Amino acid sequence: MKIVLQNLTQIFPSRNKKGEEVVAVNDFSYEVPDGKLVALLGPSGCGKSTTLYMISGLQKPTAGKIFFGDDDVTELSPENRGVGLVFQNYALYPHMTVKQNILFPLQNMKGKDRLTKEQMLERAYEAARLVQIDELMDRKPSELSGGQQQRVAIARALVKMPRVLLLDEPLSNLDARLRLQTREEIRRIQRETGITTVFVTHDQEEAMSISDMIVVMKAGVMQQSGKPQEVYDDPTNLFVAKFLGTPPINVFRGTVKDETLYIGEDAVMKVKGIADADVYVGIRPEGFIVDPNGTLHCKLTSVEVMGRDVSIVSKNDAMVSPTIRSIVDADTAIDTASETVTFSLKPHKVFLFSAETEERLYPEVE
(Lines give C-alpha, C1' and ligand atoms only; values in the text may rest on other atoms or scores of the structure.)
Protein backbone atom coordinates (compact mmCIF):
# COMPACT_ATOMS: atom_id res chain seq x y z
CA MET A 1 0.00 0.00 0.00
CA LYS A 2 1.72 3.17 -1.17
CA ILE A 3 1.16 6.42 0.70
CA VAL A 4 0.91 9.63 -1.32
CA LEU A 5 1.20 12.99 0.43
CA GLN A 6 0.17 15.95 -1.70
CA ASN A 7 1.10 19.47 -0.61
CA LEU A 8 0.49 18.74 3.08
CA THR A 9 0.47 21.82 5.29
CA GLN A 10 -0.20 22.02 9.01
CA ILE A 11 -0.55 25.44 10.64
CA PHE A 12 -1.14 25.76 14.37
CA PRO A 13 -2.77 28.96 15.67
CA SER A 14 -0.88 31.26 18.00
CA ARG A 15 -1.41 30.73 21.72
CA ASN A 16 -1.90 34.45 22.19
CA LYS A 17 -3.50 37.20 20.11
CA LYS A 18 -0.24 38.94 19.23
CA GLY A 19 1.75 35.83 18.37
CA GLU A 20 2.26 34.44 14.88
CA GLU A 21 0.84 31.19 13.58
CA VAL A 22 3.20 28.21 13.63
CA VAL A 23 3.74 26.46 10.30
CA ALA A 24 4.67 22.96 11.46
CA VAL A 25 4.62 21.35 8.00
CA ASN A 26 4.89 23.44 4.85
CA ASP A 27 3.71 22.17 1.43
CA PHE A 28 5.07 18.65 1.96
CA SER A 29 4.74 16.25 -0.99
CA TYR A 30 6.14 12.72 -1.02
CA GLU A 31 5.27 9.18 -2.07
CA VAL A 32 6.09 6.26 0.23
CA PRO A 33 6.49 3.23 -2.05
CA ASP A 34 4.42 0.11 -1.41
CA GLY A 35 6.04 -2.26 1.10
CA LYS A 36 8.97 0.02 1.95
CA LEU A 37 10.23 1.45 5.25
CA VAL A 38 10.71 5.21 5.04
CA ALA A 39 12.21 7.29 7.86
CA LEU A 40 11.24 10.90 8.50
CA LEU A 41 14.41 12.35 9.95
CA GLY A 42 15.21 15.70 11.48
CA PRO A 43 15.77 17.67 14.69
CA SER A 44 13.06 18.37 17.25
CA GLY A 45 10.43 20.72 15.90
CA CYS A 46 11.06 19.94 12.22
CA GLY A 47 7.51 18.62 11.62
CA LYS A 48 8.20 14.90 11.31
CA SER A 49 5.82 13.75 14.06
CA THR A 50 3.15 16.18 12.85
CA THR A 51 3.44 14.61 9.40
CA LEU A 52 3.05 11.15 10.94
CA TYR A 53 -0.05 12.23 12.90
CA MET A 54 -1.60 13.61 9.72
CA ILE A 55 -1.00 10.27 7.99
CA SER A 56 -2.62 8.47 10.94
CA GLY A 57 -5.63 10.78 11.03
CA LEU A 58 -4.95 12.06 14.56
CA GLN A 59 -4.43 15.52 13.08
CA LYS A 60 -6.28 16.97 10.11
CA PRO A 61 -4.06 18.91 7.68
CA THR A 62 -4.69 22.60 7.15
CA ALA A 63 -4.22 21.97 3.44
CA GLY A 64 -3.26 19.10 1.15
CA LYS A 65 -4.37 15.51 0.62
CA ILE A 66 -3.38 12.03 1.78
CA PHE A 67 -3.88 8.89 -0.31
CA PHE A 68 -3.48 5.23 0.65
CA GLY A 69 -3.10 3.64 -2.75
CA ASP A 70 -5.79 5.33 -4.85
CA ASP A 71 -8.04 6.02 -1.85
CA ASP A 72 -8.28 9.60 -0.58
CA VAL A 73 -8.19 9.19 3.23
CA THR A 74 -7.75 12.87 4.11
CA GLU A 75 -11.17 13.12 5.76
CA LEU A 76 -11.27 9.58 7.20
CA SER A 77 -11.11 9.06 10.96
CA PRO A 78 -8.07 7.14 12.34
CA GLU A 79 -10.04 3.95 13.02
CA ASN A 80 -11.20 3.81 9.39
CA ARG A 81 -7.78 4.27 7.80
CA GLY A 82 -6.35 0.85 8.58
CA VAL A 83 -3.22 2.14 10.33
CA GLY A 84 -1.19 0.66 13.15
CA LEU A 85 0.44 3.33 15.32
CA VAL A 86 3.26 2.79 17.82
CA PHE A 87 4.00 5.69 20.16
CA GLN A 88 7.26 6.70 21.82
CA ASN A 89 5.96 5.84 25.30
CA TYR A 90 4.39 2.46 24.24
CA ALA A 91 0.95 3.48 25.66
CA LEU A 92 0.19 0.01 27.07
CA TYR A 93 -2.68 -0.56 29.49
CA PRO A 94 -0.94 -1.32 32.82
CA HIS A 95 -3.85 -3.31 34.32
CA MET A 96 -4.01 -5.67 31.33
CA THR A 97 -1.81 -8.64 30.51
CA VAL A 98 0.25 -8.74 27.32
CA LYS A 99 -2.42 -10.92 25.71
CA GLN A 100 -5.20 -8.52 26.70
CA ASN A 101 -3.22 -5.52 25.37
CA ILE A 102 -2.72 -7.22 22.01
CA LEU A 103 -6.35 -8.39 21.84
CA PHE A 104 -7.77 -4.95 22.68
CA PRO A 105 -7.86 -3.53 19.10
CA LEU A 106 -9.57 -6.70 17.83
CA GLN A 107 -12.21 -6.58 20.54
CA ASN A 108 -13.20 -3.08 19.40
CA MET A 109 -13.77 -4.12 15.79
CA LYS A 110 -17.43 -3.97 14.75
CA GLY A 111 -19.75 -5.15 12.01
CA LYS A 112 -18.38 -7.32 9.22
CA ASP A 113 -14.83 -6.94 10.57
CA ARG A 114 -15.75 -8.52 13.91
CA LEU A 115 -13.85 -11.76 14.63
CA THR A 116 -14.74 -14.76 16.77
CA LYS A 117 -12.87 -15.29 20.05
CA GLU A 118 -10.90 -18.12 18.47
CA GLN A 119 -9.90 -15.94 15.52
CA MET A 120 -8.86 -13.13 17.86
CA LEU A 121 -6.65 -15.43 19.91
CA GLU A 122 -5.09 -16.90 16.78
CA ARG A 123 -4.30 -13.40 15.49
CA ALA A 124 -2.92 -12.29 18.88
CA TYR A 125 -0.57 -15.27 19.19
CA GLU A 126 0.52 -14.89 15.56
CA ALA A 127 1.45 -11.24 16.21
CA ALA A 128 3.19 -12.20 19.48
CA ARG A 129 5.25 -14.90 17.74
CA LEU A 130 6.26 -12.41 15.05
CA VAL A 131 7.78 -10.09 17.67
CA GLN A 132 8.99 -13.04 19.79
CA ILE A 133 6.97 -12.42 22.97
CA ASP A 134 4.57 -15.38 22.77
CA GLU A 135 5.99 -16.74 26.06
CA LEU A 136 5.11 -13.50 27.90
CA MET A 137 1.38 -13.36 27.16
CA ASP A 138 0.26 -13.69 30.80
CA ARG A 139 2.56 -10.98 32.18
CA LYS A 140 1.64 -7.37 32.79
CA PRO A 141 3.63 -4.43 31.34
CA SER A 142 5.27 -3.68 34.72
CA GLU A 143 6.87 -7.15 34.62
CA LEU A 144 8.51 -6.51 31.24
CA SER A 145 11.71 -4.78 30.18
CA GLY A 146 11.56 -1.68 27.99
CA GLY A 147 12.38 -3.69 24.89
CA GLN A 148 9.67 -6.25 25.66
CA GLN A 149 7.11 -3.48 26.20
CA GLN A 150 8.05 -2.03 22.84
CA ARG A 151 7.46 -5.42 21.19
CA VAL A 152 4.02 -5.62 22.80
CA ALA A 153 3.19 -2.18 21.36
CA ILE A 154 4.32 -3.33 17.90
CA ALA A 155 2.32 -6.58 18.18
CA ARG A 156 -0.77 -4.59 19.17
CA ALA A 157 -0.32 -2.37 16.11
CA LEU A 158 0.19 -5.37 13.79
CA VAL A 159 -2.66 -7.55 15.08
CA LYS A 160 -5.28 -5.64 13.05
CA MET A 161 -3.26 -6.38 9.90
CA PRO A 162 -3.03 -2.66 9.09
CA ARG A 163 -2.47 -1.28 5.62
CA VAL A 164 0.15 1.09 7.04
CA LEU A 165 2.43 0.91 10.11
CA LEU A 166 3.46 4.19 11.75
CA LEU A 167 6.26 4.37 14.34
CA ASP A 168 6.81 7.58 16.32
CA GLU A 169 10.37 7.53 17.77
CA PRO A 170 9.80 4.00 19.13
CA LEU A 171 13.37 3.43 20.33
CA SER A 172 14.16 6.66 22.18
CA ASN A 173 13.32 5.24 25.63
CA LEU A 174 15.67 2.25 25.28
CA ASP A 175 19.34 1.99 26.26
CA ALA A 176 21.97 1.87 23.52
CA ARG A 177 22.36 -1.92 23.30
CA LEU A 178 18.62 -2.58 23.40
CA ARG A 179 18.02 0.16 20.84
CA LEU A 180 20.36 -1.58 18.41
CA GLN A 181 18.68 -4.94 18.95
CA THR A 182 15.14 -3.56 18.68
CA ARG A 183 15.78 -1.63 15.49
CA GLU A 184 17.05 -4.83 13.89
CA GLU A 185 13.83 -6.52 15.02
CA ILE A 186 11.70 -3.73 13.54
CA ARG A 187 13.48 -4.15 10.22
CA ARG A 188 12.99 -7.93 10.31
CA ILE A 189 9.29 -7.60 11.15
CA GLN A 190 8.74 -5.03 8.41
CA ARG A 191 10.39 -7.23 5.80
CA GLU A 192 8.46 -10.32 6.90
CA THR A 193 5.09 -8.55 6.85
CA GLY A 194 5.74 -6.33 3.83
CA ILE A 195 3.69 -3.55 5.46
CA THR A 196 4.40 -0.03 4.24
CA THR A 197 6.03 1.65 7.23
CA VAL A 198 6.80 5.25 8.18
CA PHE A 199 9.34 5.62 10.98
CA VAL A 200 9.93 8.95 12.74
CA THR A 201 13.29 9.56 14.42
CA HIS A 202 15.83 12.28 15.20
CA ASP A 203 18.61 9.65 15.29
CA GLN A 204 20.31 9.62 11.89
CA GLU A 205 22.20 6.40 12.61
CA GLU A 206 18.88 4.68 13.35
CA ALA A 207 17.31 6.01 10.18
CA MET A 208 20.22 5.09 7.92
CA SER A 209 20.60 1.58 9.31
CA ILE A 210 17.07 0.24 8.77
CA SER A 211 15.35 2.43 6.16
CA ASP A 212 14.83 1.87 2.47
CA MET A 213 14.49 5.62 2.04
CA ILE A 214 14.99 8.64 4.28
CA VAL A 215 13.39 12.07 4.19
CA VAL A 216 15.40 14.81 5.91
CA MET A 217 13.24 17.65 7.25
CA LYS A 218 13.95 21.11 8.65
CA ALA A 219 11.37 23.64 9.87
CA GLY A 220 8.51 21.74 8.23
CA VAL A 221 10.17 21.56 4.82
CA MET A 222 11.67 18.51 3.14
CA GLN A 223 15.36 19.17 2.51
CA GLN A 224 16.26 15.96 0.68
CA SER A 225 15.03 12.41 0.17
CA GLY A 226 16.59 9.24 -1.21
CA LYS A 227 18.34 6.03 -0.25
CA PRO A 228 20.31 6.56 2.99
CA GLN A 229 23.76 6.02 1.47
CA GLU A 230 22.97 8.21 -1.54
CA VAL A 231 21.87 11.12 0.68
CA TYR A 232 25.00 10.67 2.82
CA ASP A 233 27.27 10.62 -0.26
CA ASP A 234 25.52 13.46 -2.08
CA PRO A 235 23.98 16.01 0.35
CA THR A 236 22.05 18.79 -1.32
CA ASN A 237 22.86 21.47 1.27
CA LEU A 238 24.94 22.13 4.38
CA PHE A 239 22.12 21.22 6.78
CA VAL A 240 21.78 17.72 5.33
CA ALA A 241 25.55 17.24 5.25
CA LYS A 242 25.83 18.21 8.93
CA PHE A 243 22.83 16.18 10.05
CA LEU A 244 23.98 12.86 8.57
CA GLY A 245 27.11 11.10 9.71
CA THR A 246 28.78 9.85 12.89
CA PRO A 247 31.19 11.43 13.68
CA PRO A 248 29.65 14.51 12.01
CA ILE A 249 31.12 16.15 8.95
CA ASN A 250 33.98 18.62 9.53
CA VAL A 251 33.07 22.14 8.35
CA PHE A 252 35.59 24.86 7.40
CA ARG A 253 35.37 28.40 6.06
CA GLY A 254 37.00 28.40 2.66
CA THR A 255 37.59 30.54 -0.39
CA VAL A 256 37.64 29.74 -4.09
CA LYS A 257 40.16 31.71 -6.18
CA ASP A 258 40.98 30.89 -9.79
CA GLU A 259 39.25 27.50 -9.47
CA THR A 260 41.42 26.57 -6.48
CA LEU A 261 39.95 25.86 -3.06
CA TYR A 262 41.71 27.48 -0.10
CA ILE A 263 41.22 26.59 3.54
CA GLY A 264 43.07 29.34 5.37
CA GLU A 265 46.41 29.70 3.57
CA ASP A 266 46.35 26.13 2.26
CA ALA A 267 45.46 25.51 -1.39
CA VAL A 268 43.87 22.12 -0.84
CA MET A 269 42.45 21.13 -4.25
CA LYS A 270 41.29 22.24 -7.70
CA VAL A 271 37.57 22.97 -8.10
CA LYS A 272 36.98 23.43 -11.82
CA GLY A 273 33.94 25.48 -12.78
CA ILE A 274 33.42 27.10 -9.35
CA ALA A 275 33.39 30.91 -9.43
CA ASP A 276 35.51 32.93 -7.00
CA ALA A 277 33.58 33.19 -3.73
CA ASP A 278 33.59 32.45 -0.02
CA VAL A 279 32.34 28.94 0.67
CA TYR A 280 31.77 26.42 3.41
CA VAL A 281 33.82 23.26 3.01
CA GLY A 282 32.49 20.00 4.41
CA ILE A 283 34.90 17.07 4.73
CA ARG A 284 33.69 13.69 5.97
CA PRO A 285 35.85 12.16 8.74
CA GLU A 286 36.87 9.35 6.38
CA GLY A 287 37.92 11.89 3.73
CA PHE A 288 41.37 12.58 5.25
CA ILE A 289 44.63 10.82 4.38
CA VAL A 290 47.64 11.36 6.66
CA ASP A 291 50.29 12.55 4.23
CA PRO A 292 53.54 14.46 5.05
CA ASN A 293 53.27 16.02 1.58
CA GLY A 294 49.55 16.80 1.93
CA THR A 295 47.85 20.14 1.32
CA LEU A 296 45.92 20.72 4.57
CA HIS A 297 47.90 21.56 7.71
CA CYS A 298 46.29 21.22 11.14
CA LYS A 299 47.35 21.41 14.78
CA LEU A 300 47.39 17.93 16.31
CA THR A 301 45.34 17.69 19.51
CA SER A 302 45.10 13.96 20.24
CA VAL A 303 45.01 10.49 18.70
CA GLU A 304 42.30 8.07 19.84
CA VAL A 305 42.76 4.38 19.04
CA MET A 306 39.39 2.68 18.39
CA GLY A 307 40.45 -0.84 17.43
CA ARG A 308 40.42 -1.14 13.65
CA ASP A 309 40.33 2.67 13.23
CA VAL A 310 42.18 5.65 14.65
CA SER A 311 40.50 8.99 15.29
CA ILE A 312 42.78 11.99 14.87
CA VAL A 313 41.54 15.11 16.67
CA SER A 314 43.02 18.35 15.37
CA LYS A 315 42.32 22.05 14.93
CA ASN A 316 42.55 24.63 12.17
CA ASP A 317 41.99 28.38 12.27
CA ALA A 318 39.43 28.10 9.46
CA MET A 319 37.28 25.44 11.11
CA VAL A 320 33.62 26.01 11.95
CA SER A 321 33.26 22.72 13.82
CA PRO A 322 34.52 22.70 17.45
CA THR A 323 37.27 20.25 16.46
CA ILE A 324 38.36 18.33 13.38
CA ARG A 325 37.89 14.58 13.66
CA SER A 326 39.56 12.41 11.03
CA ILE A 327 39.08 8.63 10.86
CA VAL A 328 42.02 6.71 9.40
CA ASP A 329 43.12 3.08 9.30
CA ALA A 330 44.79 1.77 12.47
CA ASP A 331 47.90 0.86 10.44
CA THR A 332 48.50 4.53 9.58
CA ALA A 333 51.78 5.86 10.96
CA ILE A 334 51.13 8.97 13.07
CA ASP A 335 53.79 10.97 14.88
CA THR A 336 51.96 11.64 18.15
CA ALA A 337 54.86 13.77 19.40
CA SER A 338 54.40 16.26 16.56
CA GLU A 339 52.42 19.47 17.06
CA THR A 340 51.02 19.34 13.53
CA VAL A 341 49.43 16.80 11.21
CA THR A 342 49.21 17.14 7.45
CA PHE A 343 46.45 15.66 5.29
CA SER A 344 45.68 15.13 1.67
CA LEU A 345 41.96 14.88 0.89
CA LYS A 346 39.72 12.42 -0.93
CA PRO A 347 37.88 14.63 -3.45
CA HIS A 348 34.62 12.64 -3.33
CA LYS A 349 34.45 13.21 0.44
CA VAL A 350 34.83 17.00 0.12
CA PHE A 351 31.68 19.11 -0.41
CA LEU A 352 31.39 22.82 -1.19
CA PHE A 353 28.47 24.98 -0.10
CA SER A 354 27.63 28.60 -0.84
CA ALA A 355 28.50 30.84 2.11
CA GLU A 356 25.32 32.83 1.39
CA THR A 357 22.66 30.17 0.74
CA GLU A 358 24.40 27.04 2.14
CA GLU A 359 23.29 25.22 -1.02
CA ARG A 360 25.69 22.70 -2.57
CA LEU A 361 28.16 23.80 -5.24
CA TYR A 362 29.28 21.20 -7.77
CA PRO A 363 32.74 21.38 -9.36
CA GLU A 364 33.03 20.07 -12.90
CA VAL A 365 34.21 16.45 -13.10
CA GLU A 366 37.10 15.93 -15.47
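For the structure itself, look to the data block above.
Description of the structure in this document. These figures come from a predicted structure and were not determined experimentally.

1. What to know about the overall build of the protein
When helices and strands are counted, the protein shows eight helices and 21 strands. With respect to the three principal axes, the spread of C-alpha positions in the protein is 75 × 45 × 45 Å. Counting every position in the protein, which comprises 366 residues, the buried fraction comes to 48%. Long-range contacts, defined as pairs at least 24 residues apart, comprise 65% of the intrachain contacts of the protein with a sequence gap of at least 6. Of the roughly 18,500 Å² of accessible surface on the protein, 48% is carried by carbon and sulfur atoms. Computed over 43 positive and 51 negative side-chain charges, the separation of the two mean positions in the protein equals 8 Å.

2. Considerations on the packing of aromatic side chains
A complete count under the given rule lists three aromatic pairs for this structure. Ring centres of phenylalanine 239 and phenylalanine 243 lie 5.7 Å apart, and the angle between their planes is 25°; this geometry places the pair in the stacked category. Here phenylalanine 243 and phenylalanine 239 lie together in helix α8 (residues 238–243), a separation of four residues that amounts to about one turn. Each member of the pair, phenylalanine 239 together with phenylalanine 243, is buried. Lying across the ring of tyrosine 232, arginine 284 places its NZ or CZ 3.9 Å from the centre.

3. Comments concerning helix α4 (residues 146–158)
Note that an α-helix has 3.6 residues per turn; residues three or four places apart therefore point the same way. Between its terminal C-alpha atoms α4 stretches 19 Å, which fits the 18 Å expected from 13 residues at 1.5 Å a residue. Counting buried positions along α4 gives 11 out of 13 residues, so the element sits mostly inside the fold. Among the residues of α4, those classed as buried are Gly147, Gln149, Gln150, Arg151, Val152, Ala153, Ile154, Ala155, Arg156, Ala157 and Leu158. Residues of α4 that are buried in the fold lie against β6 (83–86), α2 (98–107), α3 (117–130), β7 (164–168) and α5 (176–193).

4. Here we look at the sheet that holds strand β13 (residues 266–270)
Backbone hydrogen bonds are what pair the strands of a sheet, in a parallel or an antiparallel way. Read across the open sheet, the six strands follow the order β13-β12-β11-β14-β20-β21; overall the sheet is antiparallel. The sheet is open, and its two edges are formed by β13 and β21 (360–361), each paired on a single side. Sheet analysis places strand β12 (residues 260–263) next to β13, joined by four bridges and oriented antiparallel. When the sheet's bridge partners are listed, threonine 260 is paired in β13 with lysine 270.

5. Some details on the environment of aspartate 70
Relative to the assigned elements, aspartate 70 resides in the loop between β4 (63–68) and β5 (71–72). Classification of aspartate 70 as exposed rests on a relative accessible area of 71%. Each C-alpha atom, one on aspartate 70 and one on alanine 219, is 29 Å from the other, the two residues being 149 residues apart in sequence.

6. Here we look at the pairing of strand β20 (residues 350–354)
Taking burial as the measure, the five residues of β20 include five buried ones, the bulk of the element. The alternating pattern of β20 places Val350, Leu352 and Ser354 on one face and Phe351 and Phe353 on the opposite face, and all of these are buried. Sheet analysis places strand β14 (residues 277–283) next to β20, joined by five bridges and oriented antiparallel. Across the sheet, residue valine 281 finds its bridge partner in β20, namely leucine 352. In this sheet, β21 lies alongside β20 in antiparallel orientation, the contact comprising two bridges. Residue pairing in the sheet places phenylalanine 353 in a bridge with arginine 360 of β21. Joining the antiparallel neighbours β20 and β21 is a turn of five residues, in which glutamate 358 adopts a positive phi near 65°.

How each quantity is defined
- Residues numbered from 1 in each chain as written.
- Predicted model: local features only at pLDDT ≥ 70, side-chain atom pairs only at ≥ 80, totals over all residues.
- Heavy atoms only, no water.
- Helix = DSSP H or I, 4+ residues; strand = E, 2+ residues; numbered from the N terminus.
- Buried < 20%, exposed > 50% of the residue type's maximum accessible area, 1.4 Å probe, protein only.
- Contact = heavy atoms within 4.5 Å.
- Areas by Shrake-Rupley, 256 points an atom, 1.4 Å probe, with all protein chains shown as cover.
- Lys, Arg positive; Asp, Glu negative; His and termini not counted.
- Charge placed at Lys NZ, Arg CZ, Asp CG, Glu CD.
- Phe/Tyr/Trp six-rings, centres within 6.5 Å; stacked < 30°, edge-to-face > 60°.
- Lys NZ or Arg CZ within 6 Å of the ring centre and 35° of its normal.
- Expected span 1.5 Å × (residues − 1).
- Pairing = 2+ DSSP bridges.

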